[in-house]
Amino acid sequence: MSRRADDAGAVPGLVERARAGEARAVARLISLVEDESPLLREVMAALAPHAGHAQVIGITGSPGVGKSTSTSALVTELRRADKRVGVLAVDPSSPFSGGALLGDRVRMQDHALDRDVYIRSMASRGHLGGLAWSTPQALRVLDAAGCDVVLVETVGVGQSEVEIAGLADTTMVLLAPGMGDGIQAAKAGILEIGDLYVVNKADRDGADQVRRDLRSMLALGDRPEGSWRPPIVKTVAHRGEGLDEVAAEIDRHREWLESSGELERRRRRRARDEIEAIAVTALRHRWGDVHGRSELDDLAAAVVAGETDPYAAADELLDAFTD
């Protein structure tokens, strides 16, 4: 019997086993998400009553700053506080299989035997912004499965990966000395998305200079009275140094989010963006291949001939699809 046939009618059982901490059930639910299974709607409906409790922490930064090492060290710190932790590590896609190319689970073997830590590598599959398209739904699986904290590590594509700010409750931006990315990141606007800045590899020369540059750039920002002031923490992640301060700042930010009402605003914005993305995807499927429509060729010819303009042509195309 095929796996799809096995899953049919089994979603409630999968959800219950995932909530009981069974790693294989969590893995199967995330696979259904990544594969765009026909059961995905049933999965999301079953998870909805149990989600909305996990603290979501985004970890981003340029390649080489130590995101995976910092993620693993932060998991260790969170486990000391007896928190159940999920990790979604988004990797580049293999050009052959489409799967995750690097496999962050290999770099987090310290937690492999911990039943209260679940680590999943996800392939970006060409999706821009540092995340996989299915990250929000996979996040909901881990949330509903009882994780207290979910860490989302972005793919590390550099200055463009700001999408994580729309997904996380707290966004942690990593930089490191000697990589030349301090001011470059500021130019790209990545300093606008961080709730916490971490200068990793602080045992190297130049760490204090990176911290000063960050502090100067953050001081130039126009922040309203009462808004959050992002702290800057120095760490040496491979030795676990500074991670206790990182965890304390994350807790402090969570307290501010709750007291200011920002947590509710961020989560509503996240849900709105997710609903919009699902609706747009459904519309595209409903429309089918617009390039195969004869109406498009006729309208293009009319625009080239000056008989109509592109906006009027687009309106006519929309009317043709919605009739």
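These numbers were taken from a predicted model, which means no experiment stands behind them. (Residues numbered from 1 in each chain as written. Predicted model: local features only at pLDDT ≥ 70, side-chain atom pairs only at ≥ 80, totals over all residues. Heavy atoms only, no water.)

Draft legend 1. Molecular detail of the overall build of the chain. Within the chain, the secondary structure is distributed over 12 helices and seven strands. Taken across its 323 residues, the chain has 46% of its residues classed as buried. Total accessible area on the chain is roughly 16,700 Å²; 51% of this is exposed by carbon and sulfur atoms. (Helix = DSSP H or I, 4+ residues; strand = E, 2+ residues; numbered from the N terminus. Buried < 20%, exposed > 50% of the residue type's maximum accessible area, 1.4 Å probe, protein only. Areas by Shrake-Rupley, 256 points an atom, 1.4 Å probe, with all protein chains shown as cover.)

Draft legend 2. Here's a closer look at the side chain of Asp-143. Mapped onto the secondary structure, Asp-143 falls in helix α6 (residues 135-144). It turns out Asp-143 is buried and unbridged, and the closest side chain with the opposite charge, Arg-267, is 5.9 Å from it. Discounting chain neighbours no more than four positions away, the residues touching Asp-143 are His-50, Ala-51, Gly-52, His-53 and Ala-54. (Lys, Arg positive; Asp, Glu negative; His and termini not counted. Salt bridge = Lys/Arg side-chain N within 4 Å of Asp/Glu carboxyl O. Contact = heavy atoms within 4.5 Å.)

Draft legend 3. Structural context of the pattern of salt bridges. Here the structure, examined in full by the defined rule, presents 21 salt bridges. With a shortest N-O distance of 2.8 Å, Arg-80 and Glu-77 are connected by a salt bridge. With Arg-80 and Glu-77 both in helix α5 (residues 67-80) and three residues apart, the pair spans about one turn of that helix. For Glu-77, a relative accessible area of 16% gives the class buried.

Draft legend 4. Inspection of helix α9 (residues 243-260) at higher detail. Under the 1.5 Å per step criterion, the end-to-end length of α9 is 26 Å for 18 residues, consistent within 8% with the ideal 26 Å. Buried residues of α9: Leu-243, Val-246, Ala-247, Glu-249, Ile-250, His-253, Arg-254 and Leu-257, and no others. All buried residues of α9 project into a common sector of 160 degrees when viewed along the axis, lining one side. Exposed residues lying more than 90 degrees from the buried face of α9 are Glu-255 and Ser-259. (Expected span 1.5 Å × (residues − 1). Arc of directions from axis to C-beta.)

Draft legend 5. Unusual backbone geometry, seen in detail. In this model, Glu-36 sits at a positive phi of 55 degrees, which is unusual for a non-glycine residue. Looking at the element boundaries, Glu-36 is found in the loop between α3 (23-34) and α4 (40-47). You will see that Lys-201, though not glycine, has its phi angle at about 60 degrees, which is positive.

Draft legend 6. Structural view of the environment of Ser-259. Checked against the element boundaries, Ser-259 lands in helix α9. For Ser-259, a relative accessible area of 63% puts it in the exposed group. Within the local environment of Ser-259, its side chain forms a polar contact with the backbone oxygen of Trp-256, the two atoms lying 3.1 Å apart. (Polar contact = N/O pair within 3.5 Å; in protein donor to acceptor, adjacent residues only side chain to side chain.)

Draft legend 7. Here's a closer look at the pairing of strand β4 (residues 149-153). With five of five residues buried, β4 lies mostly within the body of the structure. Across five bridges, strand β1 (residues 55-61) lies against β4 in parallel orientation. Residue Ile-59 lies in a different strand from β4, and its bridge partner there is Glu-153. (Pairing = 2+ DSSP bridges.)

Draft legend 8. Spotlight on the environment of Ser-134. Residue placement: Ser-134 occurs in the loop between β3 (117-123) and α6. When the C-alpha atoms of Ser-134 and Glu-34 are compared, they prove to be 5.9 Å apart, with 100 residues separating the residues in sequence. Ignoring any residue separated from it by four or fewer positions in sequence, one finds Ser-134 in contact with Val-33, Glu-34 and Met-122.

Draft legend 9. Local environment of the pairing of β1. Counting buried positions over the seven residues of β1 gives seven, a clear majority of the element. Residues Gln-55, Ile-57, Ile-59 and Gly-61 of β1 are buried on one face, and the alternating residues Val-56, Gly-58 and Thr-60, pointing to the opposite face, are buried as well. Across five bridges, β1 lies against strand β5 (residues 170-175) in parallel orientation. Directly across from Gly-61, in β5, lies its bridge partner Leu-174.

Draft legend 10. Representation of the packing of aromatic side chains. Per the counting criterion, the structure on display carries one aromatic pair. Geometrically, the ring pair formed by Trp-228 and Trp-256 is tilted, given 5.9 Å between the ring centres and 45 degrees between the ring planes. Residue Trp-228 is located in the loop between α8 (207-219) and β7 (232-234), and its partner Trp-256 is located in helix α9; the two are separated by 28 residues in the primary sequence. Overall, the relative accessible area of 8% leaves Trp-228 in the buried class. (Phe/Tyr/Trp six-rings, centres within 6.5 Å; stacked < 30°, edge-to-face > 60°.)

Draft legend 11. Structural detail: the packing of α6 against helix α10 (residues 262-287). Between α6 and α10, the shortest axis-to-axis distance is 11 Å and the interhelical angle comes to 125 degrees. Here α6 lies oblique to α10, going by the angle between them. When α6 is examined against α10, the residues Pro-136, Gln-137, Leu-139 and Arg-140 are found in contact with a partner set consisting of Arg-270, Glu-274 and Ile-278. Looking at the contact of α6 with α10 residue by residue, the classes come out as three nonpolar, one polar and three charged. (Axes fitted to C-alpha atoms, helices over the stretch in contact; angles between N-to-C directions. Parallel < 35°, antiparallel > 145°, perpendicular 65-115°, else oblique. Nonpolar A, V, L, I, M, F, W, Y, C, P; charged D, E, K, R; others polar.)

Draft legend 12. Local environment of the environment of Lys-234. As for its position among the elements, Lys-234 is in strand β7. Residue Lys-234 is classed as partly exposed on the basis of its relative accessible area of 28%. Spatially, the C-alpha atoms of Lys-234 and Asp-203 are 9.1 Å apart, while their sequence positions differ by 31 residues. When neighbours within four sequence positions are excluded, Lys-234 is seen to be in contact with Val-199, Ala-202, Ala-207, Asp-208, Arg-211, Glu-241 and Gly-242. A distance of 2.6 Å separates a polar atom in the side chain of Lys-234 from a polar atom in the side chain of Asp-208.

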